[in-house]
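Here's the letter readout for the chains.
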Amino acid sequence: MLPFLRADLANLNAYQPHPPIPEPYDQLDTNESPIDLPAEIKAALAQHYQQTIAANRYPDGGHRNLKQAIAGYVSESGAGATADHISVGNGSDELIRSLLIATAINNGAILVASPTFSMYGILAQTLGIPVIDVGRTDDFRVNLDMAQTAIQENAIRVVFMVHPNSPTANALSQAEIDWLRQLPQDVLVVIDEAYFEFSQQTLVADSLNRSNWVVLRTFSKAFRLAAHRVGYAVAQPELIEALEKVRLPYNLPSFSQAAALTALSYRPALLAALEITMAERQTMTHWLRSQPALSPWPSAANFIYCRLSHKGLAQFGLEQAEGLHHIFTTLRQQGTLIRLTGGGLRISLGTPEENQRTRTNLENILG
Ligand SMILES: *Cc1c(COP(=O)(O)O)cnc(C)c1O
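Everything in this summary refers to the structure shown in the same document. Source: prediction; values computed, not measured.

Quick word on the overall build of the protein
Per the secondary structure count, the protein includes 15 helices and 13 strands. In terms of overall dimensions, the protein is globule-like: its C-alpha atoms have a radius of gyration of 21 Å, near the 21 Å expected for 367 residues. In terms of overall dimensions, the protein has a C-alpha envelope of 60 × 55 × 50 Å along the principal axes. In the protein, which comprises 367 residues, the proportion classed as buried is 52%. Accessible area for the protein stands at about 16700 Å²; split by element, carbon and sulfur atoms hold 52% of it. Between the mean site of the 27 positive side-chain charges and the mean site of the 34 negative ones, the protein shows a separation of 3 Å.

Written as structure tokens, this is what we have:
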């Protein structure tokens, strides 16, 4: 190891987006939209680039227009957000890191409940921030007794919750929301609503009304802009100012800002495709439930989580982990890439054709 590096980096691995896979394949492992931007919107964006972006100039580092447009969109689902309630990041990943920098470096630990989005823990580790994982019950509810004890016994600065959770696809319950609302003022509550458009459930009103709440959202999923890396935070102005202090000055390229603005201006057309995903979610859930070997959970997002049932385990004569690995690798050989994570399979909903191939391939494996 290089002698000038921090010793704890030896325990971290660089993020590996994809294992090697045979081409062509159905990419159902990252919860993106399966549909590219319509050609009409790409053309509008290209025209915007040619006419208004000066490539020799730095981007607008204040993101004024974008913040205003986002505030308008957010206000459709919660009362009265203005540009002062918004901070934008190079993906919500950047905002997660900014939140960690602003709260917990040399100042305490964070609380997560696995299985959940791995990036909170990974980014915390790179910043030397301790991670306390309270886990979940069998039905993927946060272990609230453990969480309450953790809050009492540690200097927890941030609680990270995904609503609905990834990989398990369940939205926060009323009991979980009540617990979050009674947390002390010196604990920041982060509600990651990356899948808001699929769940239509939001706690953005809390982020506007409570000084220790923030909602994160992204353009990477329902808005089909994963390539452009745009996420945003909704919170009271004081927290937004802190995020603006710790971020890089030109964190969002001009072209990405233009892409997000364009997507927002075409949002009825873009979000109309949600209906296809919702219908596919129903079809896929129904089909997975009809498979005796599988045990799927209900989904409020654009992916479905499942494990092997008792019957499935008996059929394969394998332990859960081995059985899931067998399904995962066999599907991959057949050209369907899903995620094996948190002791289960997370299957992103693709196009109707992709989802049909997933069912056919699974049928081949399950018999
Ligand atoms: C996909 C996802 C994000 C989005 O991250 P970006 O950096 O905006 O692409 C954030 N949180 C969760 C839980 C996600 O699943």
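Moving on, there is more to tell.
Some points on the sheet that holds strand 13 (residues 344-348)
Strands sit in the order 9-10-13-12 across an open sheet of 4 strands; the sheet is antiparallel. In the strand order of this sheet, the two ends are held by strand 9 (294-296) and strand 12 (339-341), each with one partner. Shown here is a sheet whose adjacent strand axes are inclined to one another by a mean of 35°, direction ignored. Relative to strand 10 (residues 303-308), strand 9 runs antiparallel, the two sharing 3 bridges. Residue Pro296 lies in a different strand from strand 10, and its bridge partner there is Cys306. Taken strand by strand, helix 14 (residues 320-333) contacts strand 9, strand 10, strand 12 and strand 13, and its axis lies near 130° from that of strand 10.

Digging into helix 12 (residues 274-289)
Relative to the 22 Å expected for 16 residues at 1.5 Å per residue, helix 12 spans 22 Å between its end C-alpha atoms, a close match to the ideal helical length. Of the residues making up helix 12, those classed as buried are Leu274, Thr277, Glu280, Arg281, Met284, Thr285, Trp287 and Leu288. On an axial view of helix 12, the arc spanned by its buried residues comes to 160°, and they lie on one face. Seen from the open side of helix 12, the exposed residues pointing more than 90 degrees away from its buried face are Glu275, Gln282, His286 and Arg289. The inward-facing, buried residues of helix 12 abut helix 7 (196-199), helix 11 (267-271), strand 9, strand 10 and helix 15 (352-366).

Let's talk about a nonpolar patch on the surface
On the surface, Met1, Leu2, Phe4, Leu5 and Leu9 cluster together to form a nonpolar patch covering roughly 530 Å² of accessible area. In this structure, Phe4 sits in the segment before strand 1 (26-27). Given a relative accessible area of 64%, Phe4 falls into the exposed group.

Each value, and the rule that gives it
All chains use their own residue numbering, which begins from 1 and follows the written sequence. The predicted nature of this model means local features are confined to residues of pLDDT at least 70 and side-chain atom pairs, given and counted, to a pLDDT of 80 or more, with totals for whole chains, interfaces and linings taken over all residues. No hydrogens and no water enter the side-chain calculation; it runs on all heavy atoms of the structure. Going along the chain from the N terminus, every DSSP run of H or I of four or more residues is numbered as a helix, and every run of E of two or more is numbered as a strand. The globule rule used here is 2.2 Å times the number of residues to the 0.38 power, and the radius of gyration it is set against is calculated over C-alpha atoms. Relative accessibility decides the category of a residue: with a 1.4 Å probe and only protein chains considered, values under 20% of the type maximum give buried, values over 50% give exposed, and everything between is partly exposed. Each accessible area is a Shrake-Rupley result for a 1.4 Å probe, and residues are judged covered by the shown protein chains and nothing else. Charge counting treats Lys and Arg as positive and Asp and Glu as negative, with His and both chain ends excluded. Charge placement uses NZ in Lys and CZ in Arg. For Asp and Glu, CG and CD serve respectively. Paired strands are those between which DSSP finds at least two bridges. In this analysis an axis means a line fitted to C-alpha atoms, helices contributing only their contacting stretch, and an angle means the value between N-to-C directions, from 0 to 180 degrees. Any two residues whose heavy atoms approach within 4.5 Å are treated as being in contact. What a helix is expected to span follows from its residue count: subtract one and scale by 1.5 Å. Along the arc lie the directions from the helix axis toward the C-beta atoms. For patches, a residue must show more than 30% relative accessible area and have no salt bridge; joins then use 9 Å for like charges and 5 Å for nonpolar side chains, namely Val, Leu, Ile, Met, Phe, Trp and Tyr. Note on definitions: salt bridges are taken to be side-chain nitrogens of Lys or Arg within 4 Å of carboxyl oxygens of Asp or Glu.

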